[in-house]
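For reference, the chains in residue letters:
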Amino acid sequence: MFVLPETTTGSERRLLEAMLDRNRRAVVDTARGLSETDVRKRLVTSLTTPIGLVKHAAMAERRWFQLLVLGLDASECDGSTTPGDASFVVAESETLADVIAEFERASARSREIAAGFDLDDTWPHDVLGEVNLRFVYLLLIEDFARHAGHGDILREQLVPTPPQGK
């Protein structure tokens, strides 16, 4: 679901944060309003489901902001930081509302963490080398936009829209 950006002017940081928040909302919006059954339907060969995309996004928030930027140990983070297929797995006991709330808590914590740093502050990444906060913002903007696109396609398969015109 495409929504025009609300913030289109301001400092680089303001624009990056607004775009990241916009893409956070986009990931959630691809699942919001679907039934508990539909959000768990596997329509592709991977573990990607609408609810799984939201769960994965929460992991990404923790991985980049809690582990990397804040420097916490994985055991100190407020949820899973394991990437890959495991990050898309949702327990049967978790509802869509639970997973959205988890993602929103992780996002709020990320905002709090990031507020204490400048865009040029850097951290060593075990694969990428040195990264700065600007890079983390850009990476998550791209990652969440891509996953929102995946979610849009899944949602379209679950809730077909009638053809327009004619």
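Residues numbered from 1 in each chain as written. Predicted model: local features only at pLDDT ≥ 70, side-chain atom pairs only at ≥ 80, totals over all residues. Heavy atoms only, no water.

**A few points about the nonpolar core**
Okay, step 1: In this structure, Phe-65, Leu-133, Tyr-137, Leu-140 and Phe-144 are the most contacted members of the largest nonpolar core, which totals 37 residues.
Okay, step 2: Within the residue set of this core, elements represented by two or more residues are helix H1 (12–29), helix H2 (50–69), helix H3 (96–115) and helix H4 (133–158).
Okay, step 3: Setting aside its immediate chain neighbours within four residues, Phe-144 contacts Leu-20, Asn-23, Arg-24, Val-27, Ala-57, Ala-60, Glu-61 and Phe-103. (Core = buried A, V, L, I, M, F, W, Y, C linked by side-chain atoms within 4.5 Å. Buried < 20%, exposed > 50% of the residue type's maximum accessible area, 1.4 Å probe, protein only. Helix = DSSP H or I, 4+ residues; strand = E, 2+ residues; numbered from the N terminus. Contact = heavy atoms within 4.5 Å.)

**Observations regarding the side chain of Asp-143**
Okay, step 1: Note on placement: Asp-143 falls in helix H4.
Okay, step 2: Among residues more than four places away in sequence, those in contact with Asp-143 are His-56 and Ala-60.

**Considering the pairing of strand E1 (residues 122–125)**
Okay, step 1: Across four bridges, E1 lies against strand E2 (residues 129–132) in antiparallel orientation. Paired with Trp-123 across the bridge in E2 is Val-131. (Pairing = 2+ DSSP bridges.)

**So, the pattern of salt bridges**
Okay, step 1: Summed over the entire model, instances satisfying the criterion amount to 16 salt bridges.
Okay, step 2: For Arg-40, the salt bridge identified is with Glu-36, shortest N-O distance 4.0 Å.
Okay, step 3: Given a relative accessible area of 36%, Glu-36 falls into the partly exposed group.
Okay, step 4: For Arg-109, the salt bridge goes to Asp-78, with nearest N and O atoms at 3.7 Å. Pair noted here: Arg-109 is in helix H3 and Asp-78 is in the loop between H2 and H3, with a separation of 31 residues, a long-range link.
Okay, step 5: A relative accessible area of 23% places Arg-109 in the partly exposed class.
Okay, step 6: For Asp-78, a relative accessible area of 41% puts it in the partly exposed group. (Salt bridge = Lys/Arg side-chain N within 4 Å of Asp/Glu carboxyl O.)

**Notes on the packing of H2 against H3**
Okay, step 1: Direction vectors running N to C along H2 and H3 enclose 25°, while the axes themselves pass 9 Å from each other. Relative to H3, H2 is oriented roughly parallel. Note on packing geometry: the crossing formed by H2 with H3 is left-handed. Contacts between H2 and H3 involve Ile-51, Val-54, Lys-55, Ala-57, Ala-58, Glu-61, Arg-62, Phe-65, Gln-66 and Val-69 from the first element and Leu-96, Val-99, Ile-100, Glu-102, Phe-103, Ala-106, Ser-107, Arg-109, Ser-110, Ile-113 and Ala-114 from the second.
Okay, step 2: When its residues are assigned to classes, the contact of H2 with H3 shows 13 nonpolar, three polar and five charged. (Axes fitted to C-alpha atoms, helices over the stretch in contact; angles between N-to-C directions. Parallel < 35°, antiparallel > 145°, perpendicular 65-115°, else oblique. Left-handed = near helix turned anticlockwise from the far one by under 90°. Nonpolar A, V, L, I, M, F, W, Y, C, P; charged D, E, K, R; others polar.)

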